[in-house]
Amino acid sequence: ELEVMRDKKDNVVIICSIENFDAMGVHTGDSITVAPQQTLTDKEYQQLRDYSIMIIREIGVDTGGSNIQFAVNPADGRVTVIEMNPRVSRSSALASKATGFPIAKIAAKLAIGLTLDEIRNDITRETPASFEPTIDYVVIKAPRWAFEKFPGANTTLGVQMKSVGEAMSIGRTFKESLQKALRSLERDRFGIGSDGNQKIDAMLASLDERTRRDTIENKLINPNEDRIFYIKYAFDIGWTVERIHHLTKVDPWFLAQIAELVVAEKKFIDSYSSAGLTPANVRSMKKLGYSDRQIAYMTGRDGLDALYSKGPLFQREYSALMKKRETDVRIFRKRNEIIPGFRVVDTCGGEFEAFTPYYYSAYDDADESRKSDRKKVMILGGGPNRIGQGIEFDYCCCHASFALREEGIESIMVNSNPETVSTDYDTSDRLYFEPLTLEDILHIYDREKPEGVIVQFGGQTPLRLATALAENGVKILGTSPDSIDRAEDRERFAGVVRKLGLFQPENGIAFTEEEAVKIAGSIGYPVLVRPSYVLGGRAMAIIYDEQGLREYIKTAVELTPEHPVLVDDFIEDAIEIDVDAICDGTTVFIGAIMEHVEEAGIHSGDSACIIPPISIEDDMIRTISDATAALAMELDVLGLINIQFAIKDGKLFVIEVNPRASRTVPFVSKTIGVPLAKAAVKVMLGKKLADLGLTRMKKFPYISVKEAVLPF
């Protein structure tokens, strides 16, 4: 694909070339993509440039951007034009983030009559927009799917787009960028493999040799969300570039890059066997994009594999050992000063000075980041969009940035999602386009030394990291990690509910199948079951009998001591209520009480929702308000809190409490005319709700309704 822009004087610039990793037949939204293109000869690339300019002129795009897609036959060089979009596209957002050239912003200026040579480049403040971007790094976009939500769905990728989000990474080489992209997806992978995630390896190891070969071939021939990991596995067991290319039709250059990673791993393991960890062997792996988790696994593979093979009951021990080994690698790196530098995205390959601090990390002995003595706060974004965690959290992150600016504090945004406004270079004072993992966040924290980190606005992604960050000396602003855990941990939260004299559906936590059956039997069917620490209802189900429960545990979840299942009494025919509020430590401001149109049992993200409640009596509204205030105060919430209640036969039940921004924050904010996320940041910084004029729930003469869009 080429992103092209033209102005009214017929100046044409190519902003960016983007190449698909997968061959034709996989939708570009479902393919890993690479910018700039890597496998064309210079002659082939110049030919595509010429064709693009001819097409944009012939179609008559007088001002603005276009996206033009080509197919190139690697055997004979024949070029086919697939399509031309005379508008901004998904790829325009990616190209803008990849180059630092804001395509939509420039297109708007062209539309009102300016020409490319009259528009100044924001990043260099010297070059005009007619100066084509040059990038001296590799950008990779990796798609994020949600097949785990739809167990019956066809997971084969084809011409119909199935991904729900994407992550983007920037690295000095294709290898480094690919590993960063895969660990940005938040699928419990920390690179292309050798990371301690043994699902695929264990499944293949359980098969006889012929079935294993057939399974690998099938996974390579039919594009799927795990194909990149099967390619790596095939190289691990000795398959050649030619054989894998024949099955996948992925360009041999890309495959050779992955093959070189496998060779590097073997070389590293040999070096470790003879000399242990050395600054030289660790640095060489970091330059290839390997995470501490991968190095930890490779150096302790035998012991870890033996522990993993003992089965699910040893999962907690396995995770603890992985965590310890990863910490040891991090300590070794720091002791030997093996830490990344930060490079700047400057649109011009380093030819001109860049004024916008838009950074990515690299282990190449160079550092272009600027130190700042101003007071600053770091905001952790939500990572790739997925069902249950999408653009609502980006809204909150942007408002956090705006609030910090109003308070005279420098904002540092960390995120990996190119589809968001939070990853625009001018939303925050400093932008780090990095994976949201403990290792990557600690690098930035150690470099910037901010006053603290905000974890409330990125959904479950930063929330899951809060405890580990605090253990590593990171100051969490707002609600403490212990308070977050009191709300998220079932047993601790049940204690909170009992202490306050509130009611919640009878529930239990199960670490084995038999425990789940026993708890469900004592509660009585139907029960609501779900994995702990989830967002968006992943693998949540209403179960009506023991057979259904046993089937659910065998197929929908991996039940281990590390990942237990929550079993709740399912209250049928109940009204569900959502509340968004802010607590400043002494008082609570309720943004809104929302009534769901559908009864409890339809996920809040799929239910229509009304502000103010229509069918709830005033007495119950007061009860809900009191319960909200009591829970926020007991949990020592500082900032936002979301609570879900159910009402059955005049009795109020607490379903769950989330001490963070929820999906409904934008809906409530726009209904009541108060930017809740912005107010929450000011509360975290020490202001009181009374200072902000937020003391009682707003009343208004209209009804606001939220309805879900379902793309079935």
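Residues numbered from 1 in each chain as written. Predicted model: local features only at pLDDT ≥ 70, side-chain atom pairs only at ≥ 80, totals over all residues. Heavy atoms only, no water.

Focus: the packing of aromatic side chains
Definition in use: Two rings belonging to Phe, Tyr or Trp (six-membered ring only in the last case) form a pair when the distance between their centres is within 6.5 Å. Interplanar angles under 30 degrees mark stacking, angles over 60 mark edge-to-face geometry, and anything in between is tilted. Helical segments are the DSSP runs of H or I of at least four residues, strand segments are the runs of E of at least two, and each set is numbered from the N terminus. Note on classification: 1.4 Å probe, protein chains only; a residue is buried when its accessible area is under 20% of the maximum for its type, exposed when over 50%, partly exposed between these limits.
Evaluated as defined, the whole model comprises 13 aromatic pairs. Ring centres 5.3 Å apart and planes at 55 degrees place the aromatic pair tyrosine 137 and tyrosine 360 in the tilted group. With tyrosine 137 in the loop between helix H3 (103-111) and strand E7 (138-144) and tyrosine 360 in strand E10 (residues 358-362), this residue pair connects regions lying 223 residues apart in the sequence. Its relative accessible area of 3% is what places tyrosine 137 among the buried residues. Both rings, one in phenylalanine 700 and one in tyrosine 702, keep their centres 4.8 Å apart while their planes meet at 25 degrees; by these two values the pair is stacked. Assessed through its relative accessible area of 41%, tyrosine 702 is described here as partly exposed. An aromatic cluster is built from Phe21, Phe174, Trp253 and Phe254, whose rings are joined through pairwise contacts.

Topic: the domain arrangement of the protein chain
To keep things clear, this is the line we draw: As annotated, the domain borders come from an automatic or database domain assignment.
Its domain assignment divides the protein chain into domain 1 (2-135), domain 2 (165-336), domain 3 (376-473), domain 4 (506-569) and domain 5 (575-706). Relative to domain 4, the C-alpha centre of domain 2 lies at a distance of 32 Å.

Some details on the sheet that holds strand E4 (residues 33-35)
Here is the rule: For two strands to count as paired, DSSP must find a minimum of two bridges between them. We call two residues in contact when some of their heavy atoms are within 4.5 Å. Lines fitted to the C-alpha atoms define the axes, with helices restricted to the stretch that makes contact. Angles between their N-to-C directions range from 0 to 180 degrees.
A sheet is described by the order of its strands in space; here 4 strands give the open sequence E3-E4-E7-E8, paired in antiparallel fashion. The open sheet has two edge strands, strand E3 (19-20) and strand E8 (165-171), and neither has a second partner. Here E7 runs beside E8; their pairing, made up of 7 bridges, is antiparallel. Along E8, the bridge assignment pairs lysine 141 with methionine 168. Against the sheet, helix H2 (residues 90-99) makes contact with E4, E7 and E8, and its axis sits at roughly 25 degrees relative to E8, the strand it touches most.

Points about H2
Counting buried positions along H2 gives 8 out of 10 residues, so the element sits mostly inside the fold. Of the residues making up H2, those classed as buried are Ser91, Ser92, Leu94, Ala95, Ser96, Lys97, Ala98 and Thr99. Among the residues trailing H2, glycine 100 stands out with phi positive, at a value near 80 degrees.

Some points on the side chain of asparagine 658
Mapped onto the elements, asparagine 658 comes out in strand E24 (residues 651-658). When its relative accessible area of 7% is taken as the criterion, asparagine 658 is described as buried. The contacts of asparagine 658, once residues within four sequence positions are left out, are Glu488, Ile641, Asn642 and Gln644.

Considering the nonpolar core
Just so we agree on the cut-off: Among the buried residues, those of types Ala, Val, Leu, Ile, Met, Phe, Trp, Tyr and Cys that are joined through side-chain atoms within 4.5 Å form a nonpolar core.
Judged by nonpolar contacts, the single largest core of 91 residues is most densely connected at Phe457 and Leu469. The dominant element in this core, judged by the number of residues it contributes, is helix H23 (residues 676-684), at 7 residues. If you look at the next biggest cluster of nonpolar residues, it comprises 53 residues, including Leu178, Ile192, Phe254 and Tyr290.

Some words on the sheet that holds strand E9 (residues 341-344)
Adjacent strands of a sheet pair through backbone hydrogen bonds, lying either parallel or antiparallel. With mixed pairing, 7 strands are arranged side by side in an open sheet as E9-E10-E13-E12-E11-E14-E15. Only two strands of the sheet have a single neighbouring strand rather than two, namely E9 and strand E15 (476-477). Sheet contacts for helix H14 (residues 391-406): strand E11 (376-380) and strand E12 (410-415); angle to E11, the most-contacted strand, approximately 175 degrees.

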